[in-house]
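# Analysis of the macromolecular model
For reference, the chains in residue letters:
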Protein chains: 4
Amino acid sequence: MASRILITREGKRYFVKDISKDYHMEYGFISKVDLKKKQGQVKTNTGTELGIFEPSFSDLYRKIKRGPQIIARKDIGFIMAETGIGKNSVILDSGAGSGALCCYLANYAKKVTAYEIREDFLNISKYNAEFLGLKNLTIKNKDIYQGIDEKNLDLITLDLPEPWNVVEHASKALKSGGYLVSYSPTIPQAMDFANAILERKDFAIIKTSEVIEREWEMEGRKVRPKSRMIGHTGFLTFARKI
Amino acid sequence: MASRILITREGKRYFVKDISKDYHMEYGFISKVDLKKKQGQVKTNTGTELGIFEPSFSDLYRKIKRGPQIIARKDIGFIMAETGIGKNSVILDSGAGSGALCCYLANYAKKVTAYEIREDFLNISKYNAEFLGLKNLTIKNKDIYQGIDEKNLDLITLDLPEPWNVVEHASKALKSGGYLVSYSPTIPQAMDFANAILERKDFAIIKTSEVIEREWEMEGRKVRPKSRMIGHTGFLTFARKI
Amino acid sequence: MASRILITREGKRYFVKDISKDYHMEYGFISKVDLKKKQGQVKTNTGTELGIFEPSFSDLYRKIKRGPQIIARKDIGFIMAETGIGKNSVILDSGAGSGALCCYLANYAKKVTAYEIREDFLNISKYNAEFLGLKNLTIKNKDIYQGIDEKNLDLITLDLPEPWNVVEHASKALKSGGYLVSYSPTIPQAMDFANAILERKDFAIIKTSEVIEREWEMEGRKVRPKSRMIGHTGFLTFARKI
Amino acid sequence: MASRILITREGKRYFVKDISKDYHMEYGFISKVDLKKKQGQVKTNTGTELGIFEPSFSDLYRKIKRGPQIIARKDIGFIMAETGIGKNSVILDSGAGSGALCCYLANYAKKVTAYEIREDFLNISKYNAEFLGLKNLTIKNKDIYQGIDEKNLDLITLDLPEPWNVVEHASKALKSGGYLVSYSPTIPQAMDFANAILERKDFAIIKTSEVIEREWEMEGRKVRPKSRMIGHTGFLTFARKI
């Protein structure tokens, strides 16, 4: 289903999910004829000018369904940059949750599989994968603590209460040099995962990091970090199959 | 030229640039016959076991030539995650410098062009693009302050002393909804760029952020942030063509 | 007027401003006879046990009147620790605002004078000084941009829109080795102040810093930085009269 | 023994420990007659002008002897500001280590006692207390795990491997409303201390925080956070006797 973004001069955005009918908004409506335009300018019936363009991946991503808490984009970006996964990478993600991470990875990688045990989450993540048009992403109703079907993986990402239960399975599923990345909100989880890796001979620990985004206000001379910020999302631990 | 990574059980890595001859190291040597193996284990002539695998993009990236200061991977990841560029994106980067950012982006995107005015930097960045085997990256000897040849771009990334000089050119080169991202080490640069964007009607400012990586020591009960950290790399300002 | 703090076993605190009458609260009331106790335990008429003690300076400080935005305690602590002011120090503070900083400093120093031009703020800060029982603090209705009466000061603290206007006056009022500290919410203010200092020969610049408090959740294994935090209060610039 | 600080126009400082003899330095020497001046300007025999003043507490503090790692001043300031201790406070500190914290607290408080079990550290901390001229600080060779002699304390500060061993003793030694503050480099120490407090009915937990100082470069338009920073010193946990 074709969709569009409308944007005002002040940067306010409107997501038009379905262009087969007129779109009504606070400034009047845009006719379905005008909504066919793929970029440039359109006018509402009351004369307000709006920019129009086809939604990018990040525009659509902002509209995904939210079930369980999703991983922040700063953390997704850090995983991508650290592991260097790209167009030829084959990836496993578990648990899928709302599907945020596996969808984002599928936008870059060759093939992504995700496991999720809860059926309600499974439905949300599958809905999101379809909404984002990702054909290279398969989401399975499967418990990763019981084992991994896939082989020769470049990357396994974990967002689980007990990630240390996956290390043995991951060892068999990753190719040599492949990455195992665990995302945990609390430090005891990160600690127990890192210590589980340190005891093994088939993994090298790379690092545990937090990524902190500090947003600034920038307007004239009013230039300063914002008063309120996100203080924490999670700890990211990177290990590598050797 | 085929290359390999050798890795010890302790995680120490060796980059074998050329597998057509034996590789000598502190534990003896690995024969060129053994170096043909694409994953698993090899032994040196003195009996030391090493893991072997083909280098991933991130392994090769660590070995690029360094000319001018390169952008940190945390910042590259943040640009990717915020803009959501992917396998179909067409990107312009300037100045290329050592080529770190344009090479990383080429690993994800459809096509990347980079501009660089200094010939010494041009040579470094071209060398790195070839070393990383990136066929979708073109690096030109061109001054972006004079204009942009490319059209219909999804993303323009700037790492320049005076990024505000590019805003007018970027407006013509970006497609509607395309991103203009400026990376600046100092706050007055970020301030002047953001204020230049705020004065225009063809761009919406999205945000200015810093991304801070905080690495942790994790071993047994010795769990704490590292004493020394990178305090700052640069400010990232995101604008969008409307 | 004598006052007390009542505290539940769960750490919830009640400030009893006046112990000459019974104190009514959600668990019943404490009789004025019991409120005379200076520490230990008291019981409400319904039998709830509460800890009782005389308020410390920090208990009272939490109850000061708030007019204009007050400086955070982390920033006050940093000023004290950097300058090393103590029981013999003589200090000037301007503008007083709600009086938070000058009151805190007066709790440590020998003598503090504060200037404030707005009468409404003057009233608030004077009320707070009296409420906290500070006899060594004088607050004047005076504009520091016009000059400083005091001489031989150990420390001058500024929380002003244009702190650079005070540098010349501060030079005459500080003793050799005395500190001039400016607190500014925005970076252009801190920048212009630091550059004004750098141009002079009678001051050495020491440093500009931000102090960031990161609070943690600590309960069982739920150990993690809090999700929300204060991202920014102000920049502190330290200079020294030479 | 009288001492002086000499300072160049560029802010370079020289500590003159003993003014009873000429002071020789890179710019020649200052005669013992000139060193008697308590503030203003002096000239070396070769004509270089230097500022002269009596050292403040913070000047002397920079010259203390260093044995074991000392607590950072940002952390000392935070303890002072959070607890609001002042000229009438009575404090216990353990272990004294190099004496940095107990000396700093003695500069503000009425009376400070410190315990230290290692004799080498005891000698360092006693030397520093004398060097700083602190008459209200007593340092004892005593193990706080065995108990606390003092009563009715306003504040107990701990910098110990196992701070949870002190909670029972602290409960008896603190007055109602008194603070117990533990400084620990690692998170498992902070965690176990906080959980020990949470199990008790005679303490309310207040908070666990880190204090992060971010220093800026400020010169002309070169305004940016410093590239390298201290990433971590310790976690501070505040509890209160109820």
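Residues numbered from 1 in each chain as written. Chains lettered and ligands numbered in written order. Predicted model: local features only at pLDDT ≥ 70, side-chain atom pairs only at ≥ 80, totals over all residues.

## Focus on the overall build of chain A
In plain terms, the rule: Going along the chain from the N terminus, every DSSP run of H or I of four or more residues is numbered as a helix, and every run of E of two or more is numbered as a strand. Here a residue counts as buried when 20 or more other C-beta atoms fall within 10 Å of its C-beta, as exposed when 12 or fewer do, and as partly exposed in between; the C-beta atoms come from the backbone. Residue pairs qualify as contacts under a 7 Å threshold applied to their C-beta atoms, which are placed from the backbone.
Counting its secondary structure elements, chain A contains six helices and 15 strands. Dimensions of chain A, computed from C-alpha atoms along their principal axes, come out at roughly 70 × 45 × 30 Å. Sorting the 242 residues of chain A into buried and exposed places 52% on the buried side. Considering only intrachain contacts with a sequence separation of at least 6, the fraction spanning at least 24 residues in chain A is 57%.

## Regarding the relation of the copies chain D and chain C
Put simply, the test is: Our superposition of the copies is a least-squares fit, built on the C-alpha atoms of residues whose pLDDT is at least 70 in both.
Overlaying chain D on chain C yields an RMSD of 0.1 Å, the required transformation being a rotation through 180 degrees with an accompanying axial translation of 0.0 Å. Here the symmetry operator amounts to a two-fold rotation axis. Taking C-alpha positions as the reference, the residue of chain D nearest the rotation axis is Gly77(D), at 2.0 Å. Most of the interface of chain D is mirrored in chain C, where 100% of its interface residues are also at the interface.

## Brief notes about the sheet that holds strand E6 (residues 49-53) of chain B
All names here are of chain B. Convention followed: One requirement defines pairing of two strands: DSSP has to find at least two bridges between them. Axis lines are fitted to C-alpha atoms, over the contacting stretch for helices. Their N-to-C directions set the angle, which ranges from 0 to 180 degrees.
The sheet built from four strands is open, its strands ordered E2-E1-E6-E5 with antiparallel pairing. Because the sheet does not close on itself, it has two edges, and the strands there are strand E2 (13-16) and strand E5 (39-43). Direction aside, neighbouring strands of the sheet carry axes that sit 30 degrees apart on average. By the bridge criterion, four bridges tie strand E1 (residues 4-7) to E2 in an arrangement that is antiparallel. Looking across to E2, one finds that Leu6 is bridged to Tyr14.

## A short note on unusual backbone geometry
For the bond from Ser94(C) to Gly95(C), the omega torsion is -10 degrees, close enough to zero to count as cis. Relative to the assigned elements, Gly95(C) resides in the loop between strand E7 (90-94) and helix H3 (100-106). The backbone of Asn152(B) sits at a positive phi, close to 60 degrees, despite the residue not being glycine. Here Asn152(B) lies in the loop between strand E9 (137-140) and strand E10 (153-158).

## What about the interface of chain D and chain C?
Basically, it comes down to this: When residue character is reported, Ala, Val, Leu, Ile, Met, Phe, Trp, Tyr, Cys and Pro are called nonpolar, Asp, Glu, Lys and Arg charged, and the others, Gly included, polar.
At the interface, 54 residues of chain D touch 54 residues of chain C. Of all the elements in the fold, those that place two or more residues in the side of chain D that touches chain C are strand E1 (4-7), strand E5 (39-43), strand E6 (49-53), helix H1 (57-61), helix H2 (73-83), strand E11 (174-184), helix H6 (187-198) and strand E12 (203-219) of chain D. Among the elements that take part in the side of chain D that touches chain C, E12(D) stands out by supplying 14 residues, more than any other. For the side of chain D that touches chain C, a count of residues per class yields 24 nonpolar, 17 polar and 13 charged. Where strand E12 (residues 203-219) of chain C and E12(D) come together, nine bridges link them in antiparallel fashion. The residue of E12(D) that forms the bridge with Val211(C) is Glu213(D).

## Quick notes on the packing of helix H2 (residues 73-83) of chain A against helix H2 (residues 73-83) of chain B
Relative placement of two packed helices is described by the angle separating their axes and the distance separating the axes. Here is the rule: Should an angle lie under 35 degrees it is considered roughly parallel, over 145 roughly antiparallel, and from 65 to 115 roughly perpendicular; all remaining angles are considered oblique. Note: crossing handedness is left-handed where the near helix turns anticlockwise from the far helix by less than a right angle, and right-handed where it turns clockwise.
Orientation of H2(A) relative to H2(B), taken along the N-to-C sense of each, is 125 degrees, at an axis distance of 7 Å. By the angle between their directions, the pair H2(A) and H2(B) is classed as oblique. Handedness of the H2(A)/H2(B) crossing: right-handed. Here Arg73(A), Lys74(A), Ile76(A), Gly77(A), Phe78(A), Met80(A), Ala81(A) and Glu82(A) of H2(A) lie close against H2(B), whose contacting residues are Arg73(B), Lys74(B), Ile76(B), Gly77(B), Phe78(B), Met80(B), Ala81(B) and Glu82(B). Of the residues contributing to the contact of H2(A) with H2(B), the split by class is eight nonpolar, two polar and six charged.

## Let's talk about the pairing of strand E10 (residues 153-158) of chain C
Residues and elements named next belong to chain C. The element E10 is largely enclosed, with a buried count of six among its six residues. Inspection of the sheet shows E7 paired to E10 by four bridges, in the parallel sense. Looking across to E10, one finds that Ile91 is bridged to Leu155. In this sheet, strand E11 (residues 174-184) lies alongside E10 in parallel orientation, the contact comprising five bridges. Directly across from Leu153, in E11, lies its bridge partner Leu174.

## Section: the pairing of strand E11 (residues 174-184) of chain B
All names here are of chain B. The element E11 is extensively covered by neighbouring structure, given that 10 of its 11 residues are classed as buried. When E11 meets strand E15 (residues 235-241), the two strands line up antiparallel, connected through six bridges. The residue bridging Val181 from the neighbouring strand is Phe238, located in E15.

## Let's talk about the confidence of the model for chain A
In low-pLDDT segments, the atomic positions of the prediction should not be examined closely. Our working rule: Looking at any residue, its pLDDT shows the predictor's confidence there, from 0 to 100.
Summarising the model, chain A shows a mean pLDDT of 94, and 100% of its residues fall at 70 or more. As a predicted assembly, this complex carries a pTM of 0.94 together with an ipTM value of 0.93.

## What to know about the sheet that holds strand E1 (residues 4-7) of chain A
Residue and element names in this part refer to chain A. Strands sit in the order E2-E1-E6-E5 across an open sheet of four strands; the sheet is antiparallel. Where the open sheet ends on each side, the last strands, each with one partner, are strand E2 (13-16) and strand E5 (39-43). The average undirected angle you get between the axes of adjacent strands in this sheet is 30 degrees. Bridge count for E1 against strand E6 (residues 49-53) is three bridges, and the pairing is antiparallel.

## A word on helix H4 (residues 119-131) of chain A
All names here are of chain A. Applicable threshold: Expected helix span is taken as 1.5 Å per residue step, with the number of steps being one fewer than the number of residues.
Over its 13 residues, H4 extends 18 Å from the first C-alpha to the last, a length consistent with the 18 Å expected when each residue adds 1.5 Å. On the buried face of H4, the contacting elements are helix H3 (100-106), strand E8 (111-116) and strand E9 (137-141). The first or second residue beyond H4 is Gly133, which carries a positive phi of 70 degrees.

## Points about helix H4 (residues 119-131) of chain D
Residue and element names in this part refer to chain D. Our working definition: The directions considered for the arc run from the helix axis to the C-beta atoms.
Among all positions in H4, only Leu122, Ile124, Ser125, Asn128 and Ala129 are buried. When H4 is viewed along its axis, its buried side chains cluster within an angular range of 165 degrees and face the same direction. Exposed side of H4, more than 90 degrees from the buried face: Glu119, Asp120 and Glu130 are the residues found there. The inward-facing, buried residues of H4 contact helix H3 (100-106), strand E8 (111-116) and strand E9 (137-141).

## As for the environment of Thr83(D)
Relative to the assigned elements, Thr83(D) resides in helix H2. The exposure class of Thr83(D) is buried, given the 25 C-beta atoms found within 10 Å. Between the C-alpha atoms of Thr83(D) and Tyr115(D), which are 32 residues apart in sequence, the distance is 20 Å. Not counting chain neighbours up to four residues away, the residues in contact with Thr83(D) comprise Ser58(C), Leu155(D), Tyr179(D) and Val181(D).

## Focus on the environment of Ile91(A)
Take Ile91(A): it is sitting in strand E7 (residues 90-94). Separated by 19 residues in the primary sequence, Ile91(A) and Lys110(A) have C-alpha atoms spaced 8.3 Å apart.

## Section: the environment of Leu180(B)
Residue and element names in this part refer to chain B. Mapped onto the elements, Leu180 comes out in strand E11. A C-alpha to C-alpha distance of 8.7 Å links Leu180 and Asp154, two positions 26 residues apart in sequence. When near neighbours in sequence (up to four residues on either side) are disregarded, Leu180 contacts Ile156, Ala170, Leu174, Phe203, Ala239 and Lys241.

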